[in-house]
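Geometric and topological summary
These are the residues of each chain, in order.
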Amino acid sequence: MKQASLGSYVVDLTTGRVGRVVARVGRLLRLAPVGGGREWNCDQGDVRPATASERLSAATAYVNARSRGELP
């Protein structure tokens, strides 16, 4: 991926997690999980654009976890 723009959704290839790009410093990206939670850092070379299906799956997983009381 050449350059992830702020606000875009990507898949962190090292963890398989979907996140939204909230900051960028050089090659380092700051990602926020879909639905909120603890942000994490990853190298820009370790991401690819998330598909619509991956974004939906991440959002559904968040809603399900919240309904089970696993998240605030």
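Whatever comes next refers back to the structure up there.
I will try to describe carefully the structure that is included in this document. Bear in mind that the values here come from a model prediction, so they are computed numbers and not experimental data. (Residues numbered from 1 in each chain as written. Predicted model: local features only at pLDDT ≥ 70, side-chain atom pairs only at ≥ 80, totals over all residues. Heavy atoms only, no water.)

Some remarks on the pattern of salt bridges
Note the threshold: One side-chain nitrogen of Lys or Arg within 4 Å of one carboxyl oxygen of Asp or Glu is enough to make a salt bridge.
Across all of its chains, the model carries four salt bridges by this definition. Its salt-bridge partner being R30, residue E39 comes within 3.1 Å of it at the nearest N-O pair.

Structural notes on the nonpolar core
For clarity, the threshold we go by: Throughout, nonpolar core names a set of buried Ala, Val, Leu, Ile, Met, Phe, Trp, Tyr and Cys residues whose side chains join them through atoms within 4.5 Å. Residue exposure (1.4 Å probe, protein chains only): buried if accessible area is under 20% of the type maximum, exposed if over 50%, otherwise partly exposed. The contact criterion used throughout is that any non-hydrogen atoms of two residues lie within 4.5 Å.
Of all hydrophobic cores here, the largest spans eight residues; its members are A4, V10, V21, L29, L31, W40, C42 and V47. For W40, the residues in contact, after removing those within four places along its chain, are D12, R17, V18, G19, L29, R30, L31, A32 and P33.

Structural notes on the side chain of S8
The following threshold applies: Starting at the N terminus, helices and strands are each numbered in turn, a helix being any DSSP run of H or I of at least four residues and a strand any DSSP run of E of at least two. As used in this structure description, the phrase polar contact means that two N or O atoms lie within 3.5 Å; if the pair is within protein, one of them must be able to donate a hydrogen and the other to accept it, and residues adjacent in sequence are counted only when both atoms belong to side chains.
Relative to the assigned elements, S8 resides in the segment before strand 1 (9-12). For S8, the side chain forms a polar contact with the main-chain oxygen of S5, separated by 2.7 Å. Residue contacts for S8: discarding those within four places in its chain leaves G19, R20 and V21.

These results come straight from atomic positions and should not be treated as a statement about function.
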